[in-house]
Amino acid sequence: MSIKHDGKTTKSERESLQVAEAAREKEWRAPSFLKEMFLGNFRLDLIHPFPATESDQDRPEFTEFYNKLKHFLETECDSEEIDRTGEYPEKVISGLARMGAFGMKIPKEYGGHGFTQAEYSRLMELLGSMDGNVCALLSAHQSIGLPQPLKVFGTEEQKKKYLPRCAAGAISAFALTEDGVGSDPARLATTAELTPDGESYVLNGRKLWCTNGTLAEVIVVMAVNPETRKISAFIVETSTPGVKIEHRCHFMGLRAIGNGVISFTDVRIPKENLIGKEGAGLKIALVTLNTGRLSLPAGVLGGAKQCLEICRRWAGERAQWGKEIGKHEAIAHKLAEMAAKTFAMEAISDLASSMADRGGYDIRLEAAAAKEYNSVEGWNLIDETMQIRGGRGYETEASLRARGDETFPVERMMRDSRINRIFEGSSEIMHLFMAREALDRHISISGKMIEPGVSMGQKLAMLPKIGAFYATWYPTRWLGWGRWPRYGEFGKLAGHLRFCERSSRKLARQIFHGMVFHGPKLQNKQAFLFRIVDVANELFAMAATVSRAQAMKKAGHAEAKHAAELADMFCMDSTRKVKKLFKDLWSNDDDKKYAVGRHVLSGNFNWLDEGTVDLDAACAPKRPVGVEREAGVAG
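Every value quoted in this text rests on a predicted model; they were computed, and no experiment measured them.

(A) Representation of the environment of H48. Here H48 lies in the loop between α2 (33-38) and α3 (60-76). In this structure, the C-alpha to C-alpha distance between H48 and A543, residues 495 residues apart in sequence, is 8.8 Å. Among all residues touching H48, those that are not within four sequence positions of it are F490, S547 and Q550.

(B) Just the pattern of salt bridges, in detail. The final tally for this structure, using the stated rule, is 41 salt bridges. When the shortest N-O distance is used, the salt bridge between R364 and D362 registers 2.7 Å. You can call R364 buried: its relative accessible area is 2%. A salt bridge links R415 to E411; the nearest nitrogen and oxygen atoms lie 2.6 Å apart. Separated by four residues within a single helix, R415 and E411 lie in helix α16 (residues 410-417), roughly one turn from each other. Each member of the pair, R415 together with E411, is buried. Residues participating in the shared-partner salt-bridge network are K341, E377, D573, R576 and K577.

(C) Examining the nonpolar core more closely. Ranked by internal contacts, the top residues of the largest apolar core, which has 67 residues, are F33, L34, F42 and L507. Going through the elements one at a time, α2, α12 (329-358), α13 (364-389), α17 (427-438), α20 (494-518), α21 (526-554) and α22 (560-586) are the ones with two or more residues in this core. Examining the composition of this core, we find that 15 residues originate from one element, α21, more than from any other. Each residue touching L507, except ones within four places of it in the same chain, is listed here: M37, F38, I532, V535, A536 and F582. Counting residues in hydrophobic clusters, the runner-up holds 58 residues, among them L123, A298, W379 and I388.

(D) Inspection of the packing of helix α6 (residues 117-128) against helix α11 (residues 295-317) at higher detail. Orientation of α6 relative to α11, taken along the N-to-C sense of each, is 40 degrees, at an axis distance of 7 Å. The angle between α6 and α11 places the two elements in the oblique class. Taken as a pair, α6 and α11 cross one another with a handedness that is right-handed. For the pair α6 and α11, the contacting residues are Y120, S121, M124, E125 and G128 in the first and S295, A298, G299, L301, G302, G303 and K305 in the second. Within the contact of α6 with α11, the residues separate by chemical class into four nonpolar, six polar and two charged.

(E) Looking closely at the pairing of strand β3 (residues 200-210). Bridging between strand β2 (residues 191-194) and β3 involves four bridges; their strand directions are antiparallel. Opposite L194, over in β3, you have Y201 as the bridge partner. Where β2 folds back onto β3 in an antiparallel hairpin, the turn is made up of five residues, including G198, whose phi is positive at roughly 75 degrees. When β3 meets strand β7 (residues 260-270), the two strands line up antiparallel, connected through eight bridges. Looking at the pairing, S200 lines up with P270 of β7.

Here is what the cut-offs are and how they apply
Residues numbered from 1 in each chain as written. Predicted model: local features only at pLDDT ≥ 70, side-chain atom pairs only at ≥ 80, totals over all residues. Heavy atoms only, no water. Helix = DSSP H or I, 4+ residues; strand = E, 2+ residues; numbered from the N terminus. Contact = heavy atoms within 4.5 Å. Salt bridge = Lys/Arg side-chain N within 4 Å of Asp/Glu carboxyl O. Buried < 20%, exposed > 50% of the residue type's maximum accessible area, 1.4 Å probe, protein only. Core = buried A, V, L, I, M, F, W, Y, C linked by side-chain atoms within 4.5 Å. Axes fitted to C-alpha atoms, helices over the stretch in contact; angles between N-to-C directions. Parallel < 35°, antiparallel > 145°, perpendicular 65-115°, else oblique. Left-handed = near helix turned anticlockwise from the far one by under 90°. Nonpolar A, V, L, I, M, F, W, Y, C, P; charged D, E, K, R; others polar. Pairing = 2+ DSSP bridges.

Following this line, the structure appears as structure tokens:
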């Protein structure tokens, strides 16, 4: 069924929105830096002072494991072989299991290491700097696989039964996506029906792109009650009769990940394998991802650091027109931007991970921002690395080695990193999720005014409450001191924080103006909402970067001066982006683009396809020449 973009919603759209709303955490029981920013409150106190992350403060047990994992990756993990064969060697999986790498986040009482989120993120950074395949294996197992939802929602019996197994190396996976279901859970088709005796569930359905699915012993499966349409989460043993791996998926990059299509035919699941309450499955998935997705920005950061080192070394060695290419302005600019972005990415990843550890914060927005910002900038960094390395970046490791050249794995890194903008919520889904939370307070106050089915009398009854809130809130989004000498203790970086404070209030005003101007249509004005989110992400990155640089200064860090230089340059670049995003909110060609896009869908521009091979023919499987010849003779 089509969805109209005229402010009215179809039945299918309303159902999808209702399912998504039902799964949301509706209350903000703890403060959130980004939540406050969307309301125009620049709560620097929520992220500053920046948490200490220096290695000299590491716990001995973490340092020991970190060094052991680093040595293992450097001496036992052949990333080129893993990429070439598309398989994890048994020695790699068994070696990781022996050192307890599958139990990094699992509490000690269940056989794991009990590392904090910040420690775990540093390990993901290390893995991301070496091998995307191994990083994905361990991350999918611990961040979104069985250990994380069991830690938060599992019963003590479930924890005792499954967590020690997972810590010892029993690989786990997560199954939500289906052929016709990506980020729209209202269309979930996999069903779980309680048996008449009430002792078990019967699972039927088919799941797509289940990361680790072809390797897993246990899987978290999301299934719907066919009568109530409520989604629940179940622990499923892959050895259970009726569980079948139908297909292993293969991809452009991450060629070893055990990603597959798994079917469930009359699979009987013991009632005690229900995680949490019946109907709480989608909420369990979303809460799990709040911290689970923090592994991705950390892994991306590791790759970004490797990119920076590759480019720094190459730009200092490669000479063109009488001097090293790094001394040419075009390349020097790229190197400067890469260094500043890497510093910012580290600040964001460290900050979000530490907030998860500290407790007392609601990090759903910060985790989403960290994932979105680092995945996008990480892709930009690998793209620039490819450009700086030129043909050597595009050439494979094996080819470089065969002719005696340095084997920097840029080509493999590019293939492996592209998925990061799609993993654990695509960039578009992250924007929509954050936009919904940005509007949360306004919807709670005045949302009924734009809901279908609300009578005029009900709307009129709400006006006093709405008027009382905005009569106070809106004027204060204009009033505030965001000029000198505020934040003077930050020295030359203070001006960037003052800009953030002013921009936070402006951001809140623009959200309100958008609601007034677009009304019910705002939910469909994704270009407007995406710019709002992009502004918030840039301001979050600026604040985190300045806070980190200031923390290094106060700690007497040897590189504090250089850190301030990077923070200053990063913030100057972000300031220009934020100003442009604000301008583009109201001066754009969004409506024209939408109209043209609809014309593309309707076939108005099909004539542009002329001059190409027929698409269906190009994608159709071809017979080997020998088979065709034999068939012709036989005929």
